[in-house]
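Breakdown of the fold
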Amino acid sequence: MINKRKATQIVRGQHAVDGAGVRLRRVLGTNNITDFDPFLMLDGFDSTDPDDYIKGFPWHPHRGIETITYLVKGKIEHGDSLGNKGIINDLECQWMTAGSGIIHQEMPKTSDRMLGCQLWVNMPAKDKMNHPAYGDITQDKVVITEEENAVIRIIAGSYKGKTGVFEGKYVKVQYLDVDLAPDSTWIYSETPNDETLFIYLLDGTLAVDEKLSDFENKSCAVLFTSVDKNATENDSVVVRSGNKGARFVLLAAKPLREPVAWGGPIVMNSGEELETAFDELDRGTFIKHKI
């Protein structure tokens, strides 16, 4: 008998329009800050119609967070105020540390299907004004583990003795892409009980309830909570895919438990810090670190 984390929240989010007119699904946001700490926002995108996303996200600022964009399918071009340029392709990831301030743009390109998600991770108060940075995890760098009924790609963190090539500098995020075969059970027990853990279902159906009988549809986030956060033995996450399989990402990290002041693309710890950031944007003094 294994101790299991329980699926305590299922968040389906809602359709939204952001950027210059990108249609997406906003799954996590301001209503989920406490329970999903240190994860702030999660936007999912899944479309075969370029009109849903081609207008993209023109130049805009960020401060105080890290943005992690992962594509299963598609192509997005990136550019930023540090002079970085890059393209995210199928099964690739962009990990951007906004830190003290960065201005960037993300412009999706026409693809047969645009499938992926962007996650915002909060930065600790002591690190929010550190130097911004850009990292990309190309497909050839992703460490893969193949199991009997699943293929697991380690975007960050580690899994069954293998470690991914990227590690978060400020918040150690466990980021796995799990491609689960039809009608298969998958058990995971590598995250300490005191860490926040959730999955985002990109495609297919997945049962997360105690009996593994009620299947959730794609585009939802499921928070798994341990009964005893001080237990020395990690509780397990147990899920089962439907008859067409399931594709999901698993995210885990230690909560920061710090106050959050969130205004649009900027996340600080107080209203005063937020006001300062927007004042600096108006004055043209927002960017603190350059090339």
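To be clear, the structure that these remarks concern was listed above.
An account of the accompanying structure is given in this report. (Residues numbered from 1 in each chain as written. Predicted model: local features only at pLDDT ≥ 70, side-chain atom pairs only at ≥ 80, totals over all residues. Heavy atoms only, no water.)

Focus: the overall build of the protein
- Along the backbone of the protein there are 2 helices and 24 strands.
- Against the globule reference of 19 Å for 291 residues, the protein gives a C-alpha radius of gyration of 19 Å, in line with a compact fold.
- Considering only C-alpha atoms, the protein reaches an extent of 60 × 45 × 35 Å along its principal axes.
- A sequence separation of at least 24 residues applies to 74% of the contacts in the protein between residues at least 6 apart.
- Taken as a whole, the protein presents about 13,200 Å² of accessible surface, with 47% of it coming from carbon and sulfur.
- Here the protein contributes 33 positive and 43 negative side-chain charges, whose respective centroids are spaced 1 Å apart. (Helix = DSSP H or I, 4+ residues; strand = E, 2+ residues; numbered from the N terminus. Rg over C-alpha atoms; globule rule 2.2 N^0.38 Å. Contact = heavy atoms within 4.5 Å. Areas by Shrake-Rupley, 256 points an atom, 1.4 Å probe, with all protein chains shown as cover. Lys, Arg positive; Asp, Glu negative; His and termini not counted. Charge placed at Lys NZ, Arg CZ, Asp CG, Glu CD.)

Section: the sheet that holds strand E10 (residues 102-108)
- Read across the open sheet, the 4 strands follow the order E5-E10-E7-E8; overall the sheet is antiparallel. Strands at the two margins of the open sheet, each flanked by one partner only, are strand E5 (57-62) and strand E8 (85-88). Recorded for the sheet is a direction-independent mean angle of 20° between the axes of neighbouring strands.
- Inspection of the sheet shows strand E7 (residues 76-80) paired to E8 by 4 bridges, in the antiparallel sense. Within E8, the residue paired with His 78 across the bridge is Gly 86. (Pairing = 2+ DSSP bridges. Axes fitted to C-alpha atoms, helices over the stretch in contact; angles between N-to-C directions.)

Focus on unusual backbone geometry
- The step from Asp 37 to Pro 38 runs through a cis peptide bond, and the omega angle for that step is 10°.
- One non-glycine residue, Asp 183, lies in the positive phi region at around 50°.
- In this structure, Asp 183 sits in the loop between strand E17 (174-180) and strand E18 (185-188).
- With a phi angle near 75°, Ser 219 is a residue other than glycine that sits in the positive phi range.
- For Ser 219, the location among the structural elements is in the loop between strand E20 (215-217) and strand E21 (221-225).

Remarks on the nonpolar core
- If you look at the biggest cluster of nonpolar residues, it comprises 31 residues, and the most contacted ones within it are Phe 39, Val 173, Tyr 175 and Phe 198.
- Sorting elements by how many residues they give to this core places strand E11 (residues 114-122) first, with 4 residues.
- Contact partners of Phe 39, with chain neighbours within four places excluded, come to Leu 119, Trp 120, Val 121, Val 173, Thr 196, Phe 198, Leu 251, Ala 252 and Ala 253.
- Counting 23 residues, the second-largest nonpolar core is a separate cluster that includes Val 178, Leu 197, Phe 224 and Ala 246. (Core = buried A, V, L, I, M, F, W, Y, C linked by side-chain atoms within 4.5 Å. Buried < 20%, exposed > 50% of the residue type's maximum accessible area, 1.4 Å probe, protein only.)

Focus on the pattern of salt bridges
- The final tally for this structure, using the stated rule, is 19 salt bridges.
- Of the charged contacts, one joins Arg 113 and Asp 203 as a salt bridge, the two residues approaching to 3.2 Å between their closest N and O atoms. Here Arg 113 is found in the loop between E10 and E11, whereas its partner Asp 203 is found in strand E19 (residues 196-207), with 90 residues between them in sequence.
- Overall, the relative accessible area of 24% leaves Arg 113 in the partly exposed class.
- The residue Lys 126 makes a salt bridge to Asp 127 at a minimum N-O spacing of 3.1 Å.
- With a relative accessible area of 69%, Lys 126 lands in the exposed category.
- Overlapping salt bridges bring together Asp 46, Arg 113, Asp 203 and Lys 218 as one network. (Salt bridge = Lys/Arg side-chain N within 4 Å of Asp/Glu carboxyl O.)

Observations concerning the pairing of strand E13 (residues 143-146)
- Across 4 bridges, the pairing between E13 and strand E14 (residues 150-156) is antiparallel. Its bridge partner lying in E14, Ile 144 is registered against Arg 153.
- In this antiparallel pair of consecutive strands, E13 and E14, the connection spans 3 residues.

Let's talk about the sheet that holds strand E12 (residues 133-137)
- Judged by pairing direction, the sheet is antiparallel, and its 7 strands sit side by side in the order E2-E3-E4-E11-E6-E9-E12 without closing on themselves. Single-partner strands in this sheet number two, and they are strand E2 (14-18) and E12. Averaged over neighbouring strand pairs, the angle between their axes works out to 25° when direction is ignored.
- Two strands pair when backbone bridges link them, and strand E4 (residues 39-47) and E11 are joined in this way by 8 bridges, in the antiparallel orientation.

Examining the packing of aromatic side chains
- What the rule picks out here adds up to 9 aromatic pairs.
- Pairing Phe 39 with Phe 198 gives two aromatic rings, centres 5.3 Å apart and planes at 75°, and the pair type is edge-to-face. Of this pair, Phe 39 sits in strand E4 while Phe 198 sits in strand E19, and the two are 159 residues apart along the sequence. Exposure class is identical for Phe 39 and Phe 198. Each is buried. (Phe/Tyr/Trp six-rings, centres within 6.5 Å; stacked < 30°, edge-to-face > 60°.)

Remember that the coordinates give geometry; whether it matters functionally is a separate question.
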